[in-house]
Amino acid sequence: MSDPHLNLINGAWVPGDHLSENRNPSDLADLIGLYAAGTAGDVTAAAGAAAAAQPGWFAAGPQARADLLDRIATRIEAEATDIATMLAREEGKILPEALAEARRAAQIFRFFAGEALRMSGEALASVRPGVDIEVTREPVGVVGLITPWNFPAAIPAWKIAPALAYGNAVVLKPAELVPGTAHMLARIIHEAGCPAGVFNLVMGPGSVVGRAMVEAPQIGAISFTGSVPTGRAIARAAAERMKKVQLEMGGKNPMVVLDDADLPTAVAACLNGAFFSTGQRCTASSRLIVQAGIHDAFVAELTRQMIALRVGPALAPDSQIGPAVSAQQLAGNLSYVDLARAEGCEVVGGERLDLPTEGHFQRPALFLNARNDMRVAREEIFGPCAAVIRVADFDEALAVANDSDFGLSAGICTTSLRHAREFRRQARAGMVMVNLPTAGVDYHVPFGGTKGSSLGPREQGRHAAEFYTTVKTSYSFAG
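Residue indices begin from 1 for each chain and proceed along its sequence in written order. In view of the model being predicted, local features appear only for residues whose pLDDT reaches at least 70, and side-chain atom pairs are presented and counted only at 80 or more, with totals across whole chains, interfaces and linings using the full set of residues. Hydrogens and water are ignored here; the side-chain numbers use all heavy atoms of the structure.

**A short note on the overall build of the protein**
Keep this limit in mind: Numbering of helices and strands runs from the N terminus; a helix is a DSSP stretch of H or I covering at least four residues, while a strand is a stretch of E covering at least two. We compute the radius of gyration over the C-alpha atoms and compare it with the globule rule, which gives 2.2 Å times the number of residues raised to the power 0.38. With a 1.4 Å probe rolled over the protein chains alone, any residue whose accessible area is under 20% of its type maximum counts as buried; one over 50% counts as exposed, and the rest are partly exposed. What makes two residues a contact is simply this: any of their non-hydrogen atoms within 4.5 Å.
Summing up its helical and strand segments, the protein has 14 helices and 24 strands in all. In terms of overall size, the protein behaves like a compact globule, its C-alpha atoms giving a radius of gyration of 23 Å where 479 residues would be expected to give roughly 23 Å. By principal-axis analysis of the C-alpha atoms, the protein measures approximately 75 × 65 × 40 Å. Relative to its full complement of 479 residues, the protein shows a buried share of 57%. Sequence separation of 24 or more characterises 73% of the internal contacts of the protein that already satisfy a separation of 6 or more.

Quick look at the structure:
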C-alpha cells in the first residue's frame, strides 16, 4: 500500500481526521488508495490561507495567472494517461472516455490562460461634464468549489481554471467517491508553481467539509455541482450568509425523434446520450420522445444496438459501458427498473450483471410504453436507463419535452428545418441539440440550464466571468 494521500492546505500536504478507502467499482478487490478526510478545522485553515494569499495573487497580474494556467495545462497533457487510468479505476468510466476527459481538463486550463489576459472593462462618458467613468471586473476573493463524482477531472477544471484566471483563491472539495483524480490535479497545480494558499484541497464528506465551506466567513462564493437536495440546502445556507452561489443540479433531458428523422442518426444520438458513460451524466437523454410513425422502427433498432453494448470493467479494452460508480448508485438504478415495471412499462434490459470481477455492473435499460407523468419519466435516475414516450406530432412532443421540473439540455432529431428552428426557440432548456446527443458540450461556450437544473451564472467560456468576478464602477473628476 502506498502512503496516504493528504489534503493540500497553504502549500503543505496535511493529514485529515481519518483516512477513507478508495475502491474500484469495476473490481472491489482493487484498493486504489487511502485518502485523508478533512475536518471543519481544515476548512477554516484552508479558507484563512486562501484569504491571506488572494490579494497578492490578484496583484501579481494577468500574465502570472496566464503563465500558471498554461503550465498546469501542459502538465495535465503530459500525465493524461495516468490521470485517465485513475479516473477509470475510481469512477468506472471506460478508458477512452476517461482519456478524453483528462485531455479536456488540459484544454480548459489553456483556454482560461488566454482569458486571464482578456479581462475587459468599459470606459463611459458621464452625464456630468469633466467626469470619467470606468467599469471594471475584480475577483470575488475566495471561492469554494464543490464538485461531483461523474466528471472528476473536467468539472474541477472548469471551476478551478476560471477562478484562478480572474484572480481568486480556491478551496476545492471533490466528491468523496473520487478523491484520486482531484488529488492528482491538486499535485499538478502545486508542482506547477501555484503560490501557497492560492489553491487548497480539502477532501472528505459533504456533511462535514461542504458544510464548513458554506459556513466559512472568508469564502465569498460557492460553486456546486451535484444533487438537487444538496444544491437547495447550499442555496438556503448561502443566502443567509449573503454568499454568491452557482448551482448545477441535474436534468431529465428530453430527446425528440420526429417521423422525418434520419433513423441511423437518431439511434446513434440516443444510444450515446442515454447510455454512454453508464448514463451517469446530468445531460443524459433520459426521456426519448418519439413520434408514432417512426416509433416501432426506432425502438427495434435502438433495442438491438443497446443489447449489443458490451458492459465490462472500465479498463478492459472491449468495454463500451463501465460499472455504476457505487453499490448505492447501482441499487438506485435497479430500484427504478422495478418501479418502471410497477408503473406499467415494458422493460428491456436493466438487470444486474455478474462478471468475473466483483463490481457494480448493469445492463442498459429501456422503459417502453412510458408516460410523462410516471416517476421514471420525471425523476433523475443517473444511470443507463431511458423512458420511451410515444407522441402524435411535433406540438405534443414539444409540450412533453417542456413538461419537466428540469431544464438542462434538450434535443431533437429531424430533417425539418422548420421543426428544428421551432424546437430551438421553444425548448425550455439551457442547451439545445439538433441531430446530436443531449450529452456532449464544448469547453469554450456557456454550460447551464433553467428551472430546477441550475441557479446563478453560467459555467464555462467567457460567461464564467459573471460568477468569478464582481463589477466595480469608478468615477473620476480631473478638476
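**Things to note about the state of the cysteines**
In protein structure, a disulfide is the covalent linkage between the sulfur atoms of two cysteines. So the rule is basically this: Cysteine sulfur atoms are paired as a disulfide whenever they fall within 2.5 Å.
The full count for this structure, using the stated rule, is zero disulfides. Cys413 provides the cysteine sulfur closest to Cys270, a residue in no disulfide bond, and the two sulfurs are 5.3 Å apart. Look at Cys270 and you get buried, because its relative accessible area is 0%. No disulfide involves Cys282; its sulfur sits 17 Å from the nearest other cysteine sulfur, which is in Cys385.

**Focus on unusual backbone geometry**
Negative phi characterises most residues that are not glycine, and trans characterises most peptide bonds. Even without being a glycine, Asn435 presents a positive backbone phi close to 60 degrees. The residue Asn435 is located in the loop between strand S21 (431–434) and strand S22 (450–451) in this model. For Lys451, which is not glycine, the phi torsion reads 50 degrees and is therefore positive. Along the chain, the position of Lys451 falls in strand S22.

**Brief notes about the side chain of Glu97**
Worth spelling out the cut-off: When charges are counted, Lys and Arg are positive and Asp and Glu negative, with His and the chain ends excluded. Each reported salt bridge corresponds to a side-chain nitrogen of Lys or Arg within 4 Å of a carboxyl oxygen of Asp or Glu. The term polar contact refers here to a pair of N or O atoms within 3.5 Å; inside protein, the definition further demands a hydrogen-donor-capable atom paired with an acceptor-capable atom, and it admits residues adjacent in sequence only when both atoms are side-chain atoms.
With respect to the helices and strands, the residue Glu97 is situated in helix H4 (residues 95–116). Comment: no salt bridge for buried Glu97; closest opposite-charge side chain is Arg281, at 5.5 Å. At 3.3 Å, the side chain of Glu97 forms a polar contact with the side chain of Ser277. Ignoring any residue separated from it by four or fewer positions in sequence, one finds Glu97 in contact with Phe276 and Ser277.

**Topic: the pattern of salt bridges**
Enumeration according to the criterion identifies 22 salt bridges in this entry. Between Arg89 and Asp30 there is a salt bridge; the shortest N-O distance is 2.7 Å. On the criterion of sequence distance, the pair formed by Arg89 in helix H3 (residues 80–91) and Asp30 in strand S4 (residues 27–37) is long-range, its members being 59 residues apart. Relative accessible area serves as the criterion here: at 22%, Arg89 is assigned to the partly exposed category. Glu191 is the salt-bridge partner of Arg187, the closest N and O atoms lying 3.1 Å from each other. Of the two residues, Arg187 and Glu191 both sit in helix H6 (residues 179–191), four residues apart, roughly one turn of that helix. The exposure class assigned to Arg187 is partly exposed, which follows from its relative accessible area of 23%. Overall, the relative accessible area of 40% leaves Glu191 in the partly exposed class. Residues joined in a network through salt bridges with shared partners are Arg75, Glu79, Arg187 and Glu191.

**A word on the sheet that holds strand S14 (residues 346–349)**
Note the following rule: In this scheme, strands are said to pair when DSSP sees at least two bridges between them. Note on geometry: axes are lines fitted to C-alpha atoms, helical ones only across the stretch in contact, with angles between N-to-C directions running from 0 to 180 degrees.
With mixed pairing, seven strands are arranged side by side in an open sheet as S14-S17-S18-S13-S12-S20-S21. Of all strands in the sheet, those with a lone pairing partner are S14 and S21, marking the two edges. Each strand axis lies, on average, 20 degrees off the axis of its neighbour in the sheet, ignoring direction. The sheet contact formed by strand S17 (residues 365–370) and strand S18 (residues 385–391) spans four bridges and is parallel. Bridge pairing links Ala370 to Ile389 in S18. Of the strands in this sheet, strand S12 (253–257), strand S13 (285–291), S14, S17 and S18 are in contact with helix H10 (residues 292–308), which crosses S13 at around 140 degrees.

**Notes on the nonpolar core**
Heads up, the rule is: For our purposes a nonpolar core is just a set of buried Ala, Val, Leu, Ile, Met, Phe, Trp, Tyr and Cys residues, chained together by side-chain atoms within 4.5 Å.
In terms of nonpolar packing, the biggest core is built from 71 residues, with Ile76, Phe109, Phe112 and Phe199 touching the most fellow members. Setting aside anything within four residues of it in sequence, one finds Phe109 in contact with Leu69, Ile72, Ala73, Ile76, Ala157, Ile160, Ala161 and Ile189. By size, the runner-up hydrophobic cluster in this structure holds 30 residues, among which are Val347, Ala387, Ala410 and Ile412.

**Topic: helix H1 (residues 40–59)**
What counts is decided by this rule: Expected span of a helix, by definition, is 1.5 Å for each gap between consecutive residues, and there is one gap fewer than residues. Throughout, the bend at a residue refers to the angle made by two axes, fitted to the seven residues ending there and to the seven starting there.
Helix length check: H1 (20 residues) gives 29 Å between terminal C-alpha atoms against 28 Å at 1.5 Å per residue, within 8%. Residue Ala53 marks the point of greatest curvature in H1, where the axis turns by about 35 degrees; the proline Pro55 follows within four residues. For H1, the full list of buried residues reads Asp42, Val43, Ala46, Ala47, Ala49, Ala50, Ala53, Gln54 and Trp57. Between the side-chain oxygen at the start of H1 and the backbone nitrogen of Gly41 there is a gap of 3.2 Å, and the oxygen is on Thr39. Downstream of H1 by one or two residues, Gly61 has phi in the positive range, about 95 degrees.

**Some remarks on the side chain of Asp42**
Considering the arrangement of structural elements, one finds Asp42 in helix H1. Nearest to the buried, unbridged Asp42 among oppositely charged side chains is Lys173, at 13 Å. Among all residues touching Asp42, those that are not within four sequence positions of it are Asn7, Ile9, Pro15, Gly16 and Val202.

**What to know about the packing of aromatic side chains**
The cut-off we apply is this: Two aromatic rings from Phe, Tyr or Trp, using only the six-membered ring of Trp, form a pair when their centres are within 6.5 Å; if the ring planes differ by under 30 degrees the pair is stacked, by over 60 it is edge-to-face, and anything between is tilted.
Scanning the model with the defined rule gives six aromatic pairs in all. Ring centres 5.0 Å apart and planes at 90 degrees place the aromatic pair Phe111 and Phe112 in the edge-to-face group. Grouping residues by exposure puts Phe111 and Phe112 together as buried. Look at Trp149 and Phe382: their rings are 5.4 Å apart centre to centre, the planes differ by 85 degrees, and that puts the pair in the edge-to-face class. With Trp149 in the loop between strand S7 (142–146) and helix H5 (154–165) and Phe382 in the loop between S17 and S18, this pair connects stretches of sequence that are 233 residues apart. This pair shows no difference in class: Trp149 is buried, exactly as Phe382 is.

**Some details on the packing of helix H12 (residues 394–402) against helix H13 (residues 417–426)**
If you want to describe how two helices pack, look at the angle between their axes and the distance between the axes. To be explicit about the condition: Each angle gets one of four labels, with under 35 degrees taken as roughly parallel, over 145 as roughly antiparallel, 65 to 115 as roughly perpendicular, and the rest as oblique. Here is the rule for handedness: rotate from the far helix to the near one, and if that takes an anticlockwise turn smaller than a right angle the crossing is left-handed, while a clockwise turn gives right-handed. Under the scheme applied here, ten amino acids are nonpolar (Ala, Val, Leu, Ile, Met, Phe, Trp, Tyr, Cys and Pro), four are charged (Asp, Glu, Lys and Arg), and all others, including Gly, are polar.
Where H12 contacts H13, the two axes come as close as 11 Å, and the packing angle between them is 25 degrees. Between H12 and H13, the angle falls in the class roughly parallel. Taken as a pair, H12 and H13 cross one another with a handedness that is right-handed. Counted together, Phe394, Leu398, Ala401 and Asn402 of H12 and His419, Glu422, Phe423 and Gln426 of H13 form the full contact between these two elements. Partitioning the contact of H12 with H13 into residue classes produces four nonpolar, three polar and one charged.

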